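Summary of the model geometry
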Amino acid sequence: MALLLKGAHVVDPQVALDGVCDVRIEDGRIVEVGHDLATEGATVRDLSGKYLVPGLVDMHVHLREPGGEQKEDIASGTRAAVHGGFTAVCCMPNTEPAIDNGVAVEAVKGIAAREGACRVHVSGTLTHGRKGEIISEMGDMVKHGAVAFTDDGGSPQDAGIMRLVMDYAHQFGRAVMSHCQDTGLVGAGQINEGAASTRLGILGWPAAGEELQIARDIALCRLTGTHLHIQHITTARGVEEVRRAKAEGLPVTCEVTPHHLFLNEDALDETYNTNLKVNPPLRTQADNDALIAALANGTIDAIATDHAPHTDWEKDCEFEIAAFGMTGLETSLALVWTQLVETGVIDCSRMVEAMAIAPRRILQVEQVSIQPDSPADLTVFDPEANWTVTVEDFQSKAKNSGFIGAQLHGRATDVYVAGVAKMQDGKILV
């Protein structure tokens, strides 16, 4: 049976759409977009007062399966994604074992097909076991559906190895997604090297530890011609490196997380809140300002959460031994709406570009647009919803959010994947 979504404010910059209209769906695809569409033969959903946009994609998510199911698994992680308004995620390969061959890619795809609440795109490693020594089975993984490559959680430290993996990735037309971290310089750093590390007596992590590898990998991009995607960029100088690379015409893109946009080292105090311990670390207010400006002007292409779930016992311990990372799938949309759209820093079209269009373009998966014949992967949200972030509300197994207690506006209410409702009126249906 057809589904008719009526009266939503539809925003899609790909087709210059920004206004109230109806969307009709049949057999998993959009068949008609317009005003006062006929209701005969269709299930009708009145979405008056809500926004409807191409389904959001989080291109940087840790689902932890296989090997870390005590933290998260594909079923719980994709439910959290749907709860946050996402129709698809790209899972990182730093699992146990690592996703470094075609069999591992197929295993994750199979679990996602059976248990996933949304689409799951699989990334593969750059090197075998993420050890930075031997190139992974890239061709095999591409054959089985890997959309990109990364050793996320770290990166090859040897420039020769990184050049080799970029050459191979270029053959297959896939992006290399780089977690830029010079381990020799970063060492055992815990938080940004600066005022907070000095005040709290915690070992510092210099911004240069990220910026040096951004510069190195851009140089290798220039050498190989490979699409380089910088993951979770955090510093003003890093953004400037990317800006110059783009001006040069190099195939360089980057992403930023909500926590690096809206939190900084000033949030760290004598409570030693381990939910604020992330990799790379929270930087400075000046870095926040530079990242927000770069997102607004398009230097930063995408918003991604780096959703990094951990068990309570991995976070409820001394700061120095606590795990790095925070969750993000269920707060991302509302944070961006509250902090950037409502304040006029960006408009809804720019949000859609950064959270739905650019991620698909970078990952080279089928684009979604509000026009006939597009897949009906759609996100609906209520811009007037006011809510407080609480651990009881999470669908994720993990509770390690740095935004617990935050008062936010805007929340996903309905999510459709291939025209099938995965969430309706805020209730998960899978």
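Quick caveat: nothing in here was measured; it's all calculated off a predicted structure.

As for the sheet that holds strand S9 (residues 148-149)
One open sheet accounts for five strands, arranged S9-S10-S13-S14-S15; its pairing is parallel. Both edges of this open sheet fall to S9 and strand S15 (302-303), since each of them pairs with a single strand only. With two bridges connecting them, S9 and strand S10 (residues 175-178) associate as parallel partners. Counted as the bridge partner of alanine 148 is alanine 175 from S10.

A closer look at the UniProt feature "binding site: substrate" (unreviewed entry) in the chain
The UniProt entry lists His62, Leu63, Arg64, Asn94, Asn279, His310, Phe324 and Gly325 under the feature "binding site: substrate" (unreviewed entry), expressed in the numbering used here. Of note, histidine 62 is situated in the loop between strand S6 (56-61) and helix H1 (74-83). For histidine 62, a relative accessible area of 5% gives the class buried. Histidine 62 has contacts with Glu72, Met92, Asn94, Asp152, Asp306, His307, Ala308 and Pro309, leaving out every residue within four places of it along the chain. Among the polar contacts made by the side chain of histidine 62, one reaches the side chain of asparagine 94 at a distance of 3.0 Å.

Overview of the packing of H1 against helix H2 (residues 102-115)
Across the interface, H1 lies against H2 with an axial gap of 9 Å and an inter-helix angle of 60°. Overall, the two elements H1 and H2 adopt an arrangement that is oblique. Considering the relative orientation of H1 and H2, their crossing is right-handed. Between H1 and H2, the residues in contact are Ile74, Ala75 and Thr78 and Val108, Ile111, Ala112 and Glu115, respectively. Residue composition of the contact of H1 with H2, by class: five nonpolar, one polar and one charged.

Some details on the pairing of strand S3 (residues 29-34)
On a regular strand, each side chain points to the face opposite its neighbour's, so the side chains alternate between the two faces of the sheet. Note: strand S2 (residues 17-26) against S3, five bridges, orientation antiparallel. Its bridge partner lying in S3, aspartate 22 is registered against glycine 34. The antiparallel pairing of S2 with S3 creates a hairpin that spans two residues between the two strands, and aspartate 27 there sits at a positive phi of about 50°.

Points about the packing of helix H12 (residues 332-341) against helix H13 (residues 348-363)
At their nearest, the axes of H12 and H13 sit 11 Å apart, and the two run at 145° to each other. Judged by the sense of rotation from one axis to the other, the crossing of H12 with H13 is right-handed. Together, Ser332, Leu333, Val336, Trp337 and Val341 of H12 and Cys348, Met351 and Met355 of H13 make up the contact between the two elements. Considering only residue class, the contact of H12 with H13 consists of seven nonpolar, one polar and no charged.

Quick notes on the environment of phenylalanine 403
Here phenylalanine 403 is to be found in the loop between strand S16 (378-388) and strand S17 (407-417). The buried category is assigned to phenylalanine 403, whose relative accessible area is 8%. Between the C-alpha atoms of phenylalanine 403 and isoleucine 346, which are 57 residues apart in sequence, the distance is 21 Å. The residues touching phenylalanine 403, leaving out its near neighbours within four places in the chain, are Pro258, His259, Phe262, Leu263, Met326, Thr331, Leu335 and Val389.

The rules behind these values
Residues numbered from 1 in each chain as written. Predicted model: local features only at pLDDT ≥ 70, side-chain atom pairs only at ≥ 80, totals over all residues. Heavy atoms only, no water. Pairing = 2+ DSSP bridges. Helix = DSSP H or I, 4+ residues; strand = E, 2+ residues; numbered from the N terminus. UniProt positions renumbered as here; feature names shortened; annotations may be inferred. Buried < 20%, exposed > 50% of the residue type's maximum accessible area, 1.4 Å probe, protein only. Contact = heavy atoms within 4.5 Å. Polar contact = N/O pair within 3.5 Å; in protein donor to acceptor, adjacent residues only side chain to side chain. Axes fitted to C-alpha atoms, helices over the stretch in contact; angles between N-to-C directions. Parallel < 35°, antiparallel > 145°, perpendicular 65-115°, else oblique. Left-handed = near helix turned anticlockwise from the far one by under 90°. Nonpolar A, V, L, I, M, F, W, Y, C, P; charged D, E, K, R; others polar.

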